[in-house]
Amino acid sequence: MQHRYKHKLFLYYFSVFALLTSAFIAFQYHREKQFRIDQLETTLENITEMTNLFILQKQIVKQGNFRALDSLSQIIPQPDARITVISRKGAVLYDNFVTDFEVMENHLQRPEVQKAFYAEFGSNIRHSATTGENFYYYARFFDGYFVRVAVVYDVKIRSFLKAERLFLFFVVFGFVIAWLVLSYVTRKMSENITRLKDFASGLIQEKPQDEVITFPDNELGVIGEHLLTIYNRLVNIEKEQIQERDKLDRLLFMLKEGIGFFSPRKELLVSNSHFVEYINRIAAKSSIKSRHFFKVEQFKVLHDFLDQHIQPSGQLINPNALPMKEISLEVDGQTIRVRCMIFSDHSFVIVIEEE
């Protein structure tokens, strides 16, 4: 039972922690990857801006001398970048990766070019039919032409775009530490709860609590201490009741009268030996026990009296004026007086004596 509860508790905490950790990893990975993509696109955007400024300053469009862009590769921060200038209608005006760029096919339908028409820029990762390599493309539309910059999408670029995985090792390390801590915490909590459960079960089953019981210094420990205090009080009350019952038995034994105490349901609680003797004398039998008082016909008057005051539900009895009834019976030339008193809680006492 303890191990099953421990496993359920651990599984609950572990599942919550694993879910939160997975969500954090996914969020951080996406955030880091997007940050690196933004860095790359910023670099490519700067190159497109530099290319456009170069075209404007050199009046390349007016002169039609796009091969003058070859000198630009010496000053751009990304020397292996592929720069392509495309006309508004899609004709390739310049490409530093292709010598005879004049015969290249129309680029108007390229995804990055199409995006640049209606957005601030267009980007795409795809295979180049011209060079046979994979490129990361970035295009912007300027006044009458597109400037597209691309970098070869090789292992170097892929590793740049992939999120930094170092933090994953820290997360995994933290996950292992959290697993150990959760295992320890759930084990201690399970032990404390099991100890408290066993103690409470022992109280319900009235098992003796002989061993010294200690509880942890937490909320469960406080509950356990309170239960232990209540248990000790009940034990002391039970001992006191046993002592008082013993005193009552001794007192009843010393009396000459027959006395019997009954519950509101007419169940015999306690009586002395004289009470049994008187019942048998009055009933003229020798086998009647104290609890058979209500089967003796000679006590019918008392039976009716008790039914009148006890049977009605909710009837209140004034503790300052308790109902009493007394009858006298003649048995073998002796007068026997029988008295009954009903208490406020509807319990009652029967006293039988000779006059």
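Residues numbered from 1 in each chain as written. Predicted model: local features only at pLDDT ≥ 70, side-chain atom pairs only at ≥ 80, totals over all residues. Heavy atoms only, no water.

Let us now look at the environment of His 107. Here His 107 lies in the loop between β2 (92-95) and α3 (111-118). Exposure remark for His 107: the relative accessible area of 2% places this residue in the buried category. When the C-alpha atoms of His 107 and Ile 86 are compared, they prove to be 7.2 Å apart, with 21 residues separating the residues in sequence. When neighbours within four sequence positions are excluded, His 107 is seen to be in contact with Ile 86, Gly 90, Val 92, Val 113 and Arg 148. In this structure the side chain of His 107 is engaged in a polar contact, spanning 2.8 Å, whose partner is the backbone oxygen of Glu 105. (Helix = DSSP H or I, 4+ residues; strand = E, 2+ residues; numbered from the N terminus. Buried < 20%, exposed > 50% of the residue type's maximum accessible area, 1.4 Å probe, protein only. Contact = heavy atoms within 4.5 Å. Polar contact = N/O pair within 3.5 Å; in protein donor to acceptor, adjacent residues only side chain to side chain.)

This part is about the pattern of salt bridges. Taken as a whole and judged by the stated rule, the model has 14 salt bridges. Of the charged contacts in the structure, one is a salt bridge between Glu 45 and Arg 140, with a shortest N-O distance of 3.6 Å. Taken as a pair, Glu 45 in helix α1 (residues 2-57) and Arg 140 in strand β4 (residues 134-141) lie far apart in primary sequence, 95 residues in all. Of the residues examined, Glu 45 reaches a relative accessible area of 24% and is grouped as partly exposed. Residue Glu 49 is joined to Arg 140 by a salt bridge in which the shortest nitrogen-to-oxygen separation is 2.4 Å. One end of the pair, Glu 49, is in helix α1; the other, Arg 140, is in strand β4, and 91 residues separate them in sequence. Here Glu 49 falls in the partly exposed class, since its relative accessible area comes to 30%. Residues joined in a network through salt bridges with shared partners are Glu 326, Arg 337, Arg 339 and Glu 353. (Salt bridge = Lys/Arg side-chain N within 4 Å of Asp/Glu carboxyl O.)

Another point: empty space enclosed by the protein. Scanning all chains against the criterion turns up two cavities of 30 Å³ or more. Its volume calculated, the second largest cavity comes out at about 30 Å³. What lines the second largest cavity is Arg 82, His 107, Arg 110, Arg 126, Ser 128, Ala 129, Thr 130, Tyr 137 and Arg 148. For the lining of the second largest cavity, a count of residues per class yields two nonpolar, three polar and four charged. (1 Å grid on protein atoms, 1.4 Å probe; cavity = no way out; pocket = protein on both sides within 12 Å on 5 of 7 lines; lining within 4 Å. Points joined across faces, edges and corners; volume = space filled by probe spheres on them. Nonpolar A, V, L, I, M, F, W, Y, C, P; charged D, E, K, R; others polar.)

Let us look at the nonpolar core. Leu 44, Ile 47, Ile 55, Leu 69, Val 85 and Tyr 136 are the most contacted members of the largest nonpolar core, which has 27 residues in total. Top element by residues in this core is α1. It accounts for six residues. Counting 24 residues, the second largest nonpolar core, distinct from the first, contains Val 296, Phe 305, Ile 336 and Ile 352. (Core = buried A, V, L, I, M, F, W, Y, C linked by side-chain atoms within 4.5 Å.)

Turning our attention to the sheet that holds strand β3 (residues 122-127). Spatially, the five strands line up as an open sheet ordered β2-β1-β5-β4-β3, and their pairing is antiparallel. The outermost strands of the open sheet, each flanked by one partner alone, are β2 and β3. Between one strand and the next, the sheet's axes are offset by a mean angle of 20°, whatever the strand orientation. In this fold α3 packs onto β1 (82-87), β3, β4 and β5 (145-152), with an angle of close to 170° to the strand it touches most, β3. (Pairing = 2+ DSSP bridges. Axes fitted to C-alpha atoms, helices over the stretch in contact; angles between N-to-C directions.)

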